[in-house]
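Listed below are the residues making up each chain.
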Amino acid sequence: MSDKPQACIFDLDGVIVDTARYHFSAWSELANELVIPFNEEDNEQLKGLSRIDSLEFILRKGSLVLDNHTKVRLMDRKNDRYLSHVKTMTPAELFPGVLEFIDELRAEGVRIGLGSSSRNAPLILDLCCITDRFETVVDGNSITLSKPDPEVFLTGAQALGAQPENTVVFEDAVSGVKAGKAGGFRVVGVGSPEVLSEADFTISSFEGFSLQELLSRLS
Ligand code: BG6
Ligand code: MG
């Protein structure tokens, strides 16, 4: 890609804000109560998955079969714990450099969307005072298929009037990178190059990252 992209779509948890650690802590507590082992490596596979897919992953790991009513109760409990962390969030929890980068893209006329599996995304955007940065927000409330399915990003690109091949996705999750690639997007991994090996390239943070660097690394 040598010309600037038509659009950029950002994942939320672990890309814009450090909420991935709150999800990990809440799932760990639940797994602990169910006496199912759950570590950082397991958590890596949960990133990007919907709430129900995450619970099913943990239950499978513990070979536990539960009825739907119990599953809903457990998801509510996990979400209450997650929200106890989220409720006190402020713009101070935005990752360094991410807002500056988004604002640079906006100033250059690149359209900006959010593509998250989380049903809590609107609340977090609001608490961090960044809702107005996104022309479209596609989240866990509006999609039927969770990452690694590309639905969330395809819906976002369509709302922005952009073609996937002219759109860049920013993702910290293996499932999210797969979703972007499956949809025909260019994907920048935010995190470890070993974990996010399917991304076009990875960055460790947005600090000092610019549109110029994006274009040179994609070309
Ligand atoms: C994703 C996170 O963004 O949202 C997952 O990476 C999380 O860890 C998923 O499970 C669903 O989030 P929520 O807030 O709807 O439970
Ligand atoms: Mg994420």
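Provided above is the structure to which this section pertains.
Since the structure is predicted, the reported quantities are computational estimates derived from the model, not experimental observations.

A.B. asks: I'm lost on the pattern of salt bridges in this one. Help?
C.D. replies: Oppositely charged side chains can pair when the atoms bearing their charge come close. What the rule picks out here adds up to 18 salt bridges. Residue glutamate 93 pairs with arginine 21 through a salt bridge whose shortest N-O separation is 3.7 Å. Linking glutamate 93 in the loop between α4 (68-86) and α5 (98-107) with arginine 21 in helix α1 (residues 20-33), this pair joins segments that are 72 residues apart in sequence. Residue class for arginine 21 comes out partly exposed when judged on its relative accessible area of 43%.

A.B. asks: Could you clarify how one ought to interpret helix α3 (residues 51-61) in this entry?
C.D. replies: Residues spaced three or four apart along an α-helix face the same direction, because each turn holds 3.6 residues. All buried positions along α3 are accounted for by Arg51, Ser54, Leu55, Phe57, Ile58 and Leu59. Tucked into the core, α3 has its buried residues touching α1, α2 (40-46) and α4. Just downstream of α3 lies serine 63, where phi reads positive at about 50 degrees.

A.B. asks: Sorry, what's going on with the sheet that holds strand β5 (residues 186-190) here?
C.D. replies: Sheet strands pair by backbone hydrogen bonding; their relative direction is either parallel or antiparallel. Across the sheet, six strands lie side by side as β3-β2-β1-β4-β5-β6; this open sheet has parallel pairing. At either end of the open sheet lies a strand with only one pairing partner, and these are β3 (136-138) and β6 (201-203). Neighbour to neighbour, the strand axes of the sheet diverge by 25 degrees on average, direction disregarded. In this structure, β5 lies alongside β6, joined through three bridges in parallel fashion. If you follow valine 190 over to β6, its bridge partner there is isoleucine 203. Sheet contacts for α5: β1 (7-10), β2 (111-115) and β4 (167-171); angle to β1, the most-contacted strand, approximately 155 degrees.

A.B. asks: How should I be thinking about the pairing of β4 in this particular structure?
C.D. replies: In summary, the side chains of a regular strand alternate between the two faces of the sheet. Burial within β4 is extensive, with five of its five residues counted as buried. By the bridge criterion, four bridges tie β4 to β5 in an arrangement that is parallel. In the sheet register, valine 168 faces β5, and the bridge partner there is arginine 186. A crossover links β4 with its parallel partner β5, the connecting element being helix α8 (residues 174-182), and its sense is right-handed.

About the thresholds
Residues numbered from 1 in each chain as written. Chains lettered and ligands numbered in written order. Predicted model: local features only at pLDDT ≥ 70, side-chain atom pairs only at ≥ 80, totals over all residues. Heavy atoms only, no water. Salt bridge = Lys/Arg side-chain N within 4 Å of Asp/Glu carboxyl O. Helix = DSSP H or I, 4+ residues; strand = E, 2+ residues; numbered from the N terminus. Buried < 20%, exposed > 50% of the residue type's maximum accessible area, 1.4 Å probe, protein only. Contact = heavy atoms within 4.5 Å. Pairing = 2+ DSSP bridges. Axes fitted to C-alpha atoms, helices over the stretch in contact; angles between N-to-C directions. Right-handed = clockwise from strand over helix to strand, strands pointing away.

The values are spatial; any link to function lies outside them.
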